[in-house]
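Here is what each chain is made of, one letter per residue.
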Amino acid sequence: MKMKFEKYFCPATVQEALDLLKVYGDDCKILAGGTDVVIRLRAHMMEVKAIIDISAIPELKEVKVEDDKLVIGAAYDLMSLSKNPLVTDSEWEIIAECAGHVSSTQVRNRATLGGNNCNASPSADTTPGLLISDAVVNVIGPNGARDIDIDKFFTGPGKTVLENNEIVVSFTIPKQGDACEAAYYKHAIRGDTDIAIVGVGVRIGLDAQGKVNKARIALGAVAPTSVRMKETEEYLVGMEVTDEVIEEAAKMASEAIRPITDQRATAEYRKEMVYVGLKHMIHDAVEKIES
């Protein structure tokens, strides 16, 4: 089906993109990989006057380490991210792992980290990895730059705190610390090509005595947005990671969520898979530290 828009722009700089946003406002749409936007345009679910393609802006396609922090450009594609040794061979490996779970090879070749999160799907695979890594969303607009903690970025399905004239330029992930590892579990009927029924991300840090000094738990596809389970995190901190403690943490998280029943799974099934997945992911994160 033919897409409906009047103008297509491919700016070479962030400032050019911002100037175009100022001109077209609500009548434009930013495109990076196009794996969501193009589908919606073709289905006439979205009609705009202008498309602003930011995929040619060099700084949005960079991955680098600055001041012990990983910085990933918003237009960096997920296939490259899943294989980049700067990420895969580092304390931020979970970001690459989550990117590798997004849909098919063809989609990952086009989809971007910025798009996967700006789309604000509650089942987005990269979001739990960013949440458990305390990522910051770096945004720029006509009033300058601002940084948004990832757990404050989403407001609902398909909705974020972004203003219409703002662009996400990158994601900054801080240093995670020693003896700190992460794990991610995606449960879907047809594997990675399918949308997640449940996503479970876990990061555990241990002190010299083997007790938890850092805990991050993020769940996808169980709420209107991906969510941090902060009460469960607080329970884990200071505890020795025994089977009993893991069991209690899994129960706490499962009982705290209020997922919906839809065409992919019942609410009860999602709660059970969070319980099962969280137990395994805590075990996996701890095993990585001890190996």
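Sequence order sets the numbering: in each chain, residues are counted from 1 along the sequence as written. Restriction of local features to residues with pLDDT of at least 70 applies here, the model being predicted, together with a cutoff of 80 or more for giving and counting side-chain atom pairs; totals for whole chains, interfaces and linings are based on all residues. As a rule here, side-chain values cover all heavy atoms of the structure and leave hydrogens and water aside.

## A closer look at the packing of helix H10 (residues 243-256) against helix H11 (residues 267-290)
Where we set the bar: Axes, fitted as lines to C-alpha atoms, cover a helix only where it is in contact. Angles between the N-to-C directions of the axes lie from 0 to 180 degrees. We count a stretch as a helix when DSSP gives it H or I for four or more residues in a row; a strand needs E for two or more, and each element gets its number in order from the N terminus. Definitions for this section: a left-handed crossing has its near helix turned counterclockwise from the far helix by less than a right angle. A right-handed crossing has that turn clockwise. By definition in these notes, contact holds between two residues if any of their heavy atoms fall within 4.5 Å. Side-chain classes are defined by residue name, with Ala, Val, Leu, Ile, Met, Phe, Trp, Tyr, Cys and Pro counting as nonpolar, Asp, Glu, Lys and Arg as charged, and the others, Gly among them, as polar.
Contact geometry for H10 and H11: axes closest at 8 Å, N-to-C directions at 145 degrees. Where H10 crosses over H11, the two elements pack in a sense that is right-handed. Across the interface between the two elements, Asp-243, Ile-246, Glu-247, Ala-249, Ala-250, Lys-251, Ala-253, Ser-254 and Glu-255 of H10 pack against Lys-271, Glu-272, Val-274, Tyr-275, Leu-278, Lys-279, Ile-282 and His-283 of H11. Here the residues of the contact of H10 with H11 sort into eight nonpolar, two polar and seven charged.

## Description of the environment of Leu-21
Mapped onto the fold, Leu-21 is located in helix H1 (residues 14-24). Taking the C-alpha atoms as reference, Leu-21 lies 41 Å from Lys-214; in sequence the two are 193 residues apart. Residues in contact with Leu-21, not counting those within four places in the same chain, are Cys-28, Ile-30, Ile-52, Asn-164, Asn-165, Glu-166 and Ile-167.

## Observations concerning the pairing of strand E2 (residues 28-31)
Successive side chains on a regular strand alternate, one facing one side of the sheet and the next facing the other. Our working definition: Note on pairing: DSSP must find at least two bridges between two strands before they are called paired. Here, the term right-handed applies to a crossover whose path from the first strand over the helix to the second runs clockwise when the strands point away from the viewer.
Two strands pair when backbone bridges link them, and E2 and strand E3 (residues 50-53) are joined in this way by four bridges, in the parallel orientation. Residue pairing in the sheet places Cys-28 in a bridge with Ala-50 of E3. Chirality of the crossover, the property in question, places the unit of E2, helix H2 (residues 37-42) and E3 among those that are right-handed.

## Remarks on the nonpolar core
Put simply, the rule is: Residues grouped as a nonpolar core are buried Ala, Val, Leu, Ile, Met, Phe, Trp, Tyr and Cys residues, joined through side-chain atoms within 4.5 Å. Whether a residue is buried, partly exposed or exposed follows from its accessible area with a 1.4 Å probe, protein chains only, as a fraction of its type maximum: under 20%, in between, or over 50%, in that order.
Core analysis: the largest hydrophobic core is formed by 34 residues, its most contacted members being Ile-72 and Leu-81. When residues of this core are traced back to their parent elements, those giving at least two are strand E5 (69-73), helix H3 (78-83), helix H5 (93-99), helix H8 (126-131), strand E6 (136-141), strand E10 (167-173) and strand E11 (180-187). The element best represented in this core is H5, accounting for five residues. Setting aside its immediate chain neighbours within four residues, Leu-81 contacts Ile-72, Tyr-76, Val-87, Ile-95, Ala-96, Ala-99 and Leu-113. The next biggest cluster of nonpolar side chains, apart from the first, holds 29 residues, and it includes Val-202, Ala-215, Val-222 and Leu-278.

## A closer look at the sheet that holds strand E14 (residues 227-228)
Taken in spatial order, the four strands make up an open sheet running E11-E12-E13-E14, and their pairing is antiparallel. A single partner strand is all that each edge strand has here, and the edge strands are E11 and E14. Along the sheet face, H11 touches E11, strand E12 (198-206) and strand E13 (212-220) and points at about 30 degrees away from the line of E12.

Keep in mind these values describe shape, not function.
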